[in-house]
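Letter by letter, the chains look like this.
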Protein chains: 2
Amino acid sequence: MVTLAKVLQDDISKARERKQTMMMKGLLAVLLVLMAISSSMGKPEKQAEKKGKRVPQTLSRGWGDELIWAQTYEEALFKSHSSNKPLMVIFHLEDCPHSLALKKAFANHKEIQKIADEDFILLNLLFETTDKHLSPDGQYVPRILFVDPSLTVRADITGRYGNRLYAYEPSDLHLLLSNMQKAKKLLKTEL
Amino acid sequence: MVTLAKVLQDDISKARERKQTMMMKGLLAVLLVLMAISSSMGKPEKQAEKKGKRVPQTLSRGWGDELIWAQTYEEALFKSHSSNKPLMVIFHLEDCPHSLALKKAFANHKEIQKIADEDFILLNLLFETTDKHLSPDGQYVPRILFVDPSLTVRADITGRYGNRLYAYEPSDLHLLLSNMQKAKKLLKTEL
């Protein structure tokens, strides 16, 4: 997939040489390379290739069909700010066994589902965003970040793995729940 | 909603004064103001407040439940580039009557659904992105933009309204179909 990233860069370079005025610049180039790298960890596009009888795709993707999920980071930030509820961002991949195991545990944990429903704006993403604050120690899955309604990424709310601070395993759900409670204490009220 | 944009700006200013190291800067501030403005055209957050029996939210949102929809712009760009299919981005709002009328016509148009399924990467969005190329003549709904797999926004593919170049009405679906065929002719092959 490094090759794909290279191809993307080459294509972008060529397009620039053609000096097309509509060409997207800088940010997008970085964005695409990031995407190529992040998606190399799994194959989220596999789903799109699946043919035959199709069921409508859901925003929950199995993390809680009864919950309300934001579609994009932009939407989630807006809703977090306007509702004064913290945002929980789950990065995952559909054919990553660690993501799948965490998802199953998360969806079946009644207390987590309840607090998620009542007190959080929720977003699950298969692709990285351009906000580097959402990857304080790198891009990996599964990874859970909280964002305060003041738009501050809570890099201080971590799991128990020193090399992947925002990773959780199914056996860590008690810690995740306690971190959700921590995220509910908004930064404003602490100041 | 101008007031909300103001509130967002004020909050961001205050947070900056507190010099929180984790605080998101520049881009995000602009982003939120854009979102506040764009969402003032309707109330997409209304859905999130709806209680009672819930059905899982779909990515299609009624624009074609049988089609494969990307979740985010980042994902859509990646898939467009890697599959060499053009991307079709539909901006809409769930309680905008013009959006609803176009959606109904779009979902019922067999030929459009077929070509969309076979030849396009599809994305429908309720919230604006940070890519200004997607709003060549402003942010309004409904609005349809095409992006070439070379990552060039096809600002040259327009509808028939001089003041809103990328707007379509239900009666314009023949033009939309012809524009989709135009978008299928990739820029690379034209050079």
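Definitions and cut-offs
Residues numbered from 1 in each chain as written. Chains lettered and ligands numbered in written order. Predicted model: local features only at pLDDT ≥ 70, side-chain atom pairs only at ≥ 80, totals over all residues. Heavy atoms only, no water. Pairing = 2+ DSSP bridges. Helix = DSSP H or I, 4+ residues; strand = E, 2+ residues; numbered from the N terminus. Axes fitted to C-alpha atoms, helices over the stretch in contact; angles between N-to-C directions. Contact = heavy atoms within 4.5 Å. Phe/Tyr/Trp six-rings, centres within 6.5 Å; stacked < 30°, edge-to-face > 60°. Buried < 20%, exposed > 50% of the residue type's maximum accessible area, 1.4 Å probe, protein only. Lys NZ or Arg CZ within 6 Å of the ring centre and 35° of its normal. Core = buried A, V, L, I, M, F, W, Y, C linked by side-chain atoms within 4.5 Å. Parallel < 35°, antiparallel > 145°, perpendicular 65-115°, else oblique. Left-handed = near helix turned anticlockwise from the far one by under 90°. Nonpolar A, V, L, I, M, F, W, Y, C, P; charged D, E, K, R; others polar. pLDDT = per-residue confidence, 0-100.

**Side note on the sheet that holds strand β2 (residues 121-125) of chain B**
Paired through their backbone hydrogen bonds, the strands of a sheet run either parallel or antiparallel.
Residues and elements named next belong to chain B.
Now for step 1: Here we have three strands laid out as an open sheet, ordered β2-β1-β3, and mixed in their pairing. Of all strands in the sheet, those bounded by a partner on one side alone are β2 and β3 (143-147). Averaged over all pairs of adjacent strands, the angle between their axes in this sheet comes to 15°, without regard to strand direction.
Now for step 2: Across five bridges, the pairing between strand β1 (residues 87-91) and β3 is antiparallel. From the neighbouring strand, Leu-87 faces β3, where its bridge partner is Val-147.
Now for step 3: Across the sheet, helix α7 (residues 173-184) is in contact with β1 and β3; its angle to β3 comes to roughly 20°.

**Comments concerning the packing of aromatic side chains**
Now for step 1: Applying the stated criterion across every chain yields a total of six aromatic pairs over all chains.
Now for step 2: Summarising the aromatic geometry, the rings of Phe127(A) and Phe78(B) are spaced 5.6 Å apart at their centres and angled 55° between planes, so their arrangement reads as tilted. Taken as a pair, Phe127(A) in the loop between β2 (121-125) and β3 (143-147) and Phe78(B) in helix α4 (residues 73-83) lie in two separate chains rather than in one.
Now for step 3: Given a relative accessible area of 2%, Phe127(A) falls into the buried group.
Now for step 4: Owing to a relative accessible area of 2%, Phe78(B) belongs among the buried residues under this scheme.
Now for step 5: Look at Phe120(B) and Phe146(B): their rings are 5.9 Å apart centre to centre, the planes differ by 55°, and that puts the pair in the tilted class. Here Phe120(B), found in the loop between α6 (110-119) and β2, pairs with Phe146(B), found in strand β3; they are 26 residues apart in sequence, far enough to count as distant. Of the two residues, Phe120(B) and Phe146(B), both sit in the buried class.
Now for step 6: In this arrangement the basic side chain of Arg143(A) is found over the ring face of Tyr140(A), its NZ or CZ atom lying 5.7 Å from the centre.
Now for step 7: Geometry around Phe91(B) places Arg143(B) over its ring, the cationic atom sitting 4.0 Å from the centre.

**Re the pairing of β2(B)**
The two faces of a sheet get side chains in turn, since along a regular strand they alternate between them.
All names here are of chain B.
Now for step 1: Counting buried positions along β2 yields five of five residues, so the element is predominantly enclosed.
Now for step 2: Going residue by residue along β2, you find Ile-121, Leu-123 and Leu-125 tucked away on one face and Leu-122 and Asn-124 tucked away on the opposite face as well.
Now for step 3: The pairing of β1 with β2 spans five bridges and is classified as parallel. The residue bridging Met-88 from the neighbouring strand is Leu-122, located in β2.

**Describing the sheet that holds strand β1 (residues 87-91) of chain A**
All names here are of chain A.
Now for step 1: The strand order β2-β1-β3 describes an open sheet built from three strands, whose pairing is mixed. Whereas interior strands pair on both sides, the edge strands pair on one side only; in this sheet they are β2 and β3. Recorded for the sheet is a direction-independent mean angle of 15° between the axes of neighbouring strands.
Now for step 2: Against the sheet, helix α7 (residues 173-184) engages β1 and β3, with an angle of about 20° to β3.

**Here's the deal with the nonpolar core**
Now for step 1: Phe146(A), Leu176(A), Phe146(B) and Leu176(B) are the most contacted members of the largest nonpolar core, which totals 45 residues.
Now for step 2: Apart from the residues within four sequence positions on either side, Leu176(A) is in contact with Met88(A), Phe106(A), Ile112(A), Ile144(A), Phe146(A) and Tyr168(A).

**What to know about the packing of helix α6 (residues 110-119) of chain A against α7(A)**
All names here are of chain A.
Now for step 1: Packing of α6 against α7 leaves a shortest axis separation of 10 Å and a crossing angle of 20°. Classified by the angle their axes make, α6 and α7 are roughly parallel. Relative to α7, α6 is oriented so that their crossing is left-handed. For the pair α6 and α7, contact is made by Glu-111, Ile-112, Ile-115, Ala-116 and Asp-119 and by Leu-173, Leu-176, Leu-177, Met-180, Gln-181 and Lys-184, respectively.
Now for step 2: Of the residues contributing to the contact of α6 with α7, the split by class is seven nonpolar, one polar and three charged.

**Let's talk about the confidence of the model for chain A**
Residue and element names in this part refer to chain A.
Now for step 1: Mean pLDDT over chain A works out to 81, with 71% of the residues at or above the 70 mark.
Now for step 2: Segment residues 1-23: pLDDT under 50, and 35 contacts once partners within four positions in sequence are set aside and those in other chains are kept.
Now for step 3: Predicted confidence for residues 32-50 stays below pLDDT 50, and this span has 45 contacts to residues more than four positions away or in other chains.
Now for step 4: Here the complex is predicted with pTM 0.74, and the ipTM for its interfaces comes to 0.71.

**Let's talk about the environment of Tyr166(A)**
All names here are of chain A.
Now for step 1: With respect to the helices, strands and loops of the structure, Tyr-166 is situated in the loop between β3 and α7.
Now for step 2: C-alpha of Tyr-166 to C-alpha of Gly-138: the two residues are 28 residues apart in sequence and 9.6 Å apart in space.
Now for step 3: With residues near it in sequence (within four places) discarded, Tyr-166 still touches Pro-136, Asp-137, Tyr-140, Pro-142, Arg-143, Ile-144, Leu-145, Ala-155, Ile-157 and Thr-158.

**Regarding unusual backbone geometry**
Residues and elements named next belong to chain A.
Now for step 1: In the segment running from Val-141 into Pro-142, the intervening peptide bond is cis, with an omega of -15°.
Now for step 2: Although it is not a glycine, Asn-84 sits at a positive phi angle of roughly 60°.
Now for step 3: The residue Asn-84 is located in the loop between α4 (73-83) and β1 in this model.
Now for step 4: For Asn-84, a relative accessible area of 42% gives the class partly exposed.

**Some points on the environment of Leu125(A)**
All names here are of chain A.
Now for step 1: Within the secondary structure, Leu-125 is located in strand β2.
Now for step 2: Its relative accessible area of 2% is what places Leu-125 among the buried residues.
Now for step 3: Taking the C-alpha atoms as reference points, Leu-125 and Arg-61, 64 residues apart in sequence, are found 9.6 Å from one another.

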